Amino acid sequence: MACADTPASALGQRNIAEVDFDQIHDRQQFGSVKWANQWDEFSPRVEGEDLLSLWTADMDFRAPETVIARLREAADHGIYGYTRRDPRHYEIVQSWFAHRHNWSPKLETLLPAPAIMPSVAAILRTFTKPGDGVIVQSPVYSPYFEVVQGNGRVLLTNRLRLQNNRYELDLEDFEKLAGGAKVFLLCNPHNPAGMAWTREELAALNDICERHGILVISDDIHCDIRLSDRSHIVFSSISDDAADKSFICTAPTKTFNLAGVPSATISVANRKRRETLLAAMQASFMVNANFFGRLALEVAYSAGSPWLDQLTGYVASNIDLVCEFAGEYLPGITPMRPDASFLVWLDARALDRRVGGIQKFFVDRAGVNLYDGRVYGPGGEGFIRLNVGCPRHLLRRGLERMSSALASM
Ligand SMILES: Cc1ncc(COP(=O)(O)O)c(C=O)c1O
């Protein structure tokens, strides 16, 4: 599925050899949030000796060689001036979603964006007023709280329902909140638990939003690493009225481990809202392309499929390891199998109560840093999020340390 004018360096790599995801790379030297800082603005600083970092959501894998080769060429070129996305850029985005997700957004609906969260902020600022209500479904990616409240909008929290170790929608509660909402910020697939919402679930949400005139921002950043037979359903693909009310925010950054060279795309089917949003983003000078981010997106989407297929297999095996290991050696911890992403949500509620905070317990007693479920808002208490986007032996070492810490309680 490479596009006609994919660089030769990328095309040469289509039938890639086995990627070595087992290799360990030193990430300290380039200021990695995950390894060098162990801290971000959404959670407290974590300190400790020899901390094994299995928390923030990037992976410890090199991007596809095709991407690296092209970025290296660009770096060697040495002139990093202004750059723009041309029509071919949008064809590449369209082709990616058509092939991987059976969704073919019209080219004219696609807008450039620097990354997902700035896009969400721009949409909220453009289409709501301070004091307007925004629905989020917790537990959820914590910057959703910041982007709503930090922009003076009112957070309306629709708690997901935990049923048989999976999350389900609480549509009754959603309906109650809908009366006071202008926007619904949907996470699809859902972070932290990796739920891929079904067509029926999305249609039910759409019905309520339609009746209450609610716009939908859908954050699809985790859609590409698909682990179950639930395919990724893009919200706007379910019906014309869903498409008309939605802003679909996409990026290759989780998929190909490109968070440090970001570039994103927003699909807005409604012409008037698209023009309004573009004007607002232009007024905030958000639409210039990042020299490396634009290239990384184009090469990853045009030639990264074989790499992604291998990555998905590796991540799936890591998740199997977590589930099997937890069943035997992590009493009191129940992993939730994700449909998508490289994140595993661990239910440790009883342990959390027993040790007075399970995340801190694992930092102090196991030297393993996981994300505290409390960060994800109501419903996250007692859970921890484990990032399995790392070499398997490192993951196994983390699990073994956690097991020893529990055994010595
Ligand atoms: C659900 C979700 N949305 C957005 C982001 C961040 O996207 P960006 O870096 O493009 O703003 C993340 C990163 O972890 C995420 O998990």
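Conventions used here
Residues numbered from 1 in each chain as written. Predicted model: local features only at pLDDT ≥ 70, side-chain atom pairs only at ≥ 80, totals over all residues. Heavy atoms only, no water. Pairing = 2+ DSSP bridges. Helix = DSSP H or I, 4+ residues; strand = E, 2+ residues; numbered from the N terminus. Axes fitted to C-alpha atoms, helices over the stretch in contact; angles between N-to-C directions. Contact = heavy atoms within 4.5 Å. Domains from an automatic or database assignment. Buried area = accessible area lost by both parts, 1.4 Å probe. Salt bridge = Lys/Arg side-chain N within 4 Å of Asp/Glu carboxyl O. Parallel < 35°, antiparallel > 145°, perpendicular 65-115°, else oblique. Left-handed = near helix turned anticlockwise from the far one by under 90°. Nonpolar A, V, L, I, M, F, W, Y, C, P; charged D, E, K, R; others polar.

1. Comments concerning the sheet that holds strand 3 (residues 133-138)
Taken together, the seven strands give an open sheet; going across it, the order is 2-10-9-8-7-3-4, and neighbouring strands pair in mixed fashion. Each edge of the open sheet is held by one strand with a lone partner, namely strand 2 (110-113) and strand 4 (154-159). Direction aside, neighbouring strands of the sheet carry axes that sit 25° apart on average. Two strands pair when backbone bridges link them, and strand 3 and strand 4 are joined in this way by six bridges, in the parallel orientation. Directly across from Ser138, in strand 4, lies its bridge partner Arg159. On the sheet, helix 4 (residues 87-101) packs against strand 2, strand 9 (246-250) and strand 10 (264-268) and is oriented at approximately 110° with respect to strand 2. Strands in contact with helix 7 (residues 171-178) are strand 3, strand 4 and strand 7 (181-187); relative to strand 4, the strand with the most contacts, it is inclined by about 160°.

2. Considering the domain arrangement of the protein chain
Looking at the protein chain, the domain boundaries give domain 1 (26-59 + 305-407) and domain 2 (81-303). Placing the centre of domain 1 and that of domain 2 at their C-alpha centroids yields a distance of 25 Å. The interface is formed by 35 residues belonging to domain 1 together with 36 residues belonging to domain 2. Taken together, the two surfaces of domain 1 and domain 2 that pack against each other cover about 3,000 Å², and 59% of this comes from carbon and sulfur. The tally of links from domain 1 across to domain 2 stands at two salt bridges. Asp339 is the salt-bridge partner of Arg166, the closest N and O atoms lying 2.9 Å from each other.

3. What about the packing of helix 7 against helix 8 (residues 199-212)?
The interhelical angle for the contact between helix 7 and helix 8, taken along N-to-C directions, is 20°, at an axis separation of 10 Å. Judged by the inter-axis angle, helix 7 sits roughly parallel to helix 8. The hand of the helix 7/helix 8 crossing is right-handed. Across the interface between the two elements, Leu171, Phe174, Glu175 and Ala178 from helix 7 touch Ala204, Leu205, Ile208, Cys209, Arg211 and His212 from helix 8. Each residue belonging to the contact of helix 7 with helix 8 can be placed in one class, and the counts come to seven nonpolar, one polar and two charged.

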